[in-house]
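The chain contents come next:
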Protein chains: 2
Amino acid sequence: MPADRAPTRIQKKNRAAILEAALDVFSSHGFRGSTVDQIAKAAGLSKPNLLYYFPSKEAIFNELMAGLLDTWLDPLRALDPEGEPLEEILAYVQRKLQMSRDFPRESRLYANEIVQGAPRLHDVIASDLNVLVEEKAQLLQGWMDAGRINRAHPKHLLFSIWSLTQHYADFDAQVRTLMRDEDPFDAAPQYLETLYRRMLTPKT
Amino acid sequence: MPADRAPTRIQKKNRAAILEAALDVFSSHGFRGSTVDQIAKAAGLSKPNLLYYFPSKEAIFNELMAGLLDTWLDPLRALDPEGEPLEEILAYVQRKLQMSRDFPRESRLYANEIVQGAPRLHDVIASDLNVLVEEKAQLLQGWMDAGRINRAHPKHLLFSIWSLTQHYADFDAQVRTLMRDEDPFDAAPQYLETLYRRMLTPKT
DNA sequence: CGTGAGTTTGACCAGTTGGTCAAATCAAAG
DNA sequence: CTTTGATTTGACCAACTGGTCAAACTCACG
């Protein structure tokens, strides 16, 4: 295993290649469905060589997940209490949709985990994510109380945003099959903007 | 394997137990992540005994899927061209939400498959589901053209209904963790009704 | 009871998988 | 060029997995 020093050029390159390959493999077969050999081959390494950089399959997975979660929550963190409520929410929806378009593998990796009961993620969800959600739910509730957006259960509102946006990444196979030639991401931004605008624009 | 006659009492009982157990195991670990032994144990049988009733792990999975798909599409089939548009859609949403509450394992089994690229489902989606979706999208479009509901991309409208309702089953682990003691299904029906009512009620 | 079909199981097998290890190869600093 | 640590690999292992099979057991029915 690499010593406890500054990573060499080769270490950097190979660890990055492994994580990239692992994202590909894990996101399309799940943890249990993926083999170390698959990942190694996808990274252009032999299996023992891969295990020279990571102590185990699970270690690769964990590092991938840790890196993912931060990026994943950023759009929600960016929801600005000082902004115009409706525009903030619409912008959040679009950021999230953009992530589904640009990082579908990350979305599916996450989905895979949650669908299977989030065995490896329960702690992070119960702590970090929970704090963030409570905070932002408060913010939304405040906006509603002030009459700046229509009333709706704030947590369910957040769930619906996650659900609607990630659907395009997680159920990509289904969505694309049913849309034939049309690219789902052509009409999705417009559709979601309309949906949330109609739902949340306060009745004058 | 059982002869090609009417199933005996024991055959009925054991095949049912196996399918029930398989639903449990497959839906929480995916196909690849599940072992025949797990299913057998959950069904109260030995592995060879289980394989006396089904020729292979894949056969169990396929029978499960075949049975599932019909039930799964029923709510959409029930969307009635003769009904009042908005009420029809809202009823569909509630039926779908009810299914997420009553059959979360079925939903997760389906989700597991789609997230991983729908390798075993692509054909059904491209044929049966596609036909149904085209038909119902037409219906929705007709309602919009007649001004009976607001305009929105009909396919994206369907996707959003699936996404929002199934989310409560598929992401159950996350939703429940973030809702603490409150049952998500308490507020969900109201939330979704409000959402689609505000979105689709035609501007007078 | 006896008998034949239906049911169950322990033992087994071959292929796969995560992971190890010693030996070989490579890279770079002196 | 040499040396030393970093990198790579072929061979290997033990555990697991899907599936087989012959032998044993159970059950319904005459």
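Everything that follows concerns the structure shown earlier in this document.
Residues numbered from 1 in each chain as written. Chains lettered and ligands numbered in written order. Predicted model: local features only at pLDDT ≥ 70, side-chain atom pairs only at ≥ 80, totals over all residues. Heavy atoms only, no water.

Q: Could you give an account of empty space enclosed by the protein, naming the residues involved and the relevant values?
A: Enumeration over the complete set of coordinates arrives at four cavities of 30 Å³ or more. What the largest cavity holds in volume is close to 110 Å³. Lining the largest cavity are 15 residues, and of these A:His167, A:Phe171, B:Ser163, B:Asp170 and B:Phe171 lie nearest its centre. When residues in the lining of the largest cavity are grouped by element, the largest group, five residues, is from helix H8 (residues 154-170) of chain B. Each residue belonging to the lining of the largest cavity can be placed in one class, and the counts come to seven nonpolar, six polar and two charged. Its boundaries defined by the atoms lining it, the second largest cavity holds a volume of some 90 Å³. The wall of the second largest cavity is formed by A:Gln174, B:Trp72, B:Leu73, B:Pro75, B:Leu76, B:Tyr92, B:Lys96, B:Tyr110, B:Leu129, B:Trp162 and B:Gln166. When residues of the lining of the second largest cavity are traced back to their parent elements, those giving at least two are helix H4 (57-77), helix H5 (85-102) and H8 of chain B. Sort the elements by how many residues they give to the lining of the second largest cavity and H4(B) lands first, with four residues. (1 Å grid on protein atoms, 1.4 Å probe; cavity = no way out; pocket = protein on both sides within 12 Å on 5 of 7 lines; lining within 4 Å. Points joined across faces, edges and corners; volume = space filled by probe spheres on them. Helix = DSSP H or I, 4+ residues; strand = E, 2+ residues; numbered from the N terminus. Nonpolar A, V, L, I, M, F, W, Y, C, P; charged D, E, K, R; others polar.)

Q: Requested: an account of the pattern of salt bridges, with residues and values cited.
A: Residue and element names in this part refer to chain B. If you walk through the whole model with that rule in mind, you get 30 salt bridges over all chains. Across the pair Asp 24 and Arg 105 runs a salt bridge whose closest N-O atoms are separated by 2.5 Å. Of the two residues, Asp 24 sits in helix H1 (residues 9-33) while Arg 105 sits in helix H6 (residues 104-115), which places them 81 residues apart along the sequence. Ionic pairing is found between Glu 58 and Arg 120, a salt bridge with its closest N-O pair at 4.0 Å. (Salt bridge = Lys/Arg side-chain N within 4 Å of Asp/Glu carboxyl O.)

Q: Help me get a handle on the interface of chain A and chain B, residues and values and all.
A: In this complex, chain A contributes 57 residues to the contact, which on the side of chain B involves 57 residues. Between chain A and chain B lies a buried interface of about 5000 Å² when both sides are counted; carbon and sulfur atoms form 61% of it. Between chain A and chain B we count zero salt bridges in total. Between the two partners, chain A and chain B, sit 21 residue pairs in polar contact (both at pLDDT 80 or more). Within the residue set of the side of chain A that touches chain B, elements represented by two or more residues are helix H1 (9-33), helix H6 (104-115), helix H7 (122-145), helix H8 (154-170), helix H9 (172-179) and helix H10 (184-200) of chain A. The class makeup of the residues in the side of chain A that touches chain B is 27 nonpolar, 21 polar and nine charged. (Contact = heavy atoms within 4.5 Å. Buried area = accessible area lost by both parts, 1.4 Å probe. Polar contact = N/O pair within 3.5 Å; in protein donor to acceptor, adjacent residues only side chain to side chain.)

Q: I'd like a description of the protein's contact with DNA strand C, backed by residues and values.
A: In the region of DNA strand C, 21 residues are neighbours, and A:Lys47, B:Thr8, B:Gln11, B:Arg32 and B:Tyr53 sit closest. A distance of 2.8 Å is found between a phosphate oxygen of DNA strand C and a backbone nitrogen or oxygen belonging to A:Lys57. One of the side-chain nitrogen or oxygen atoms of B:Arg32 is found 2.7 Å away from a phosphate oxygen of DNA strand C. At the level of elements, helix H3 (47-53) of chain A together with H1 and helix H3 (47-53) of chain B are the ones that each hand at least two residues to the surface near DNA strand C. By residue class, the composition of the surface near DNA strand C is eight nonpolar, eight polar and five charged. (Near = heavy atom within 4 Å.)

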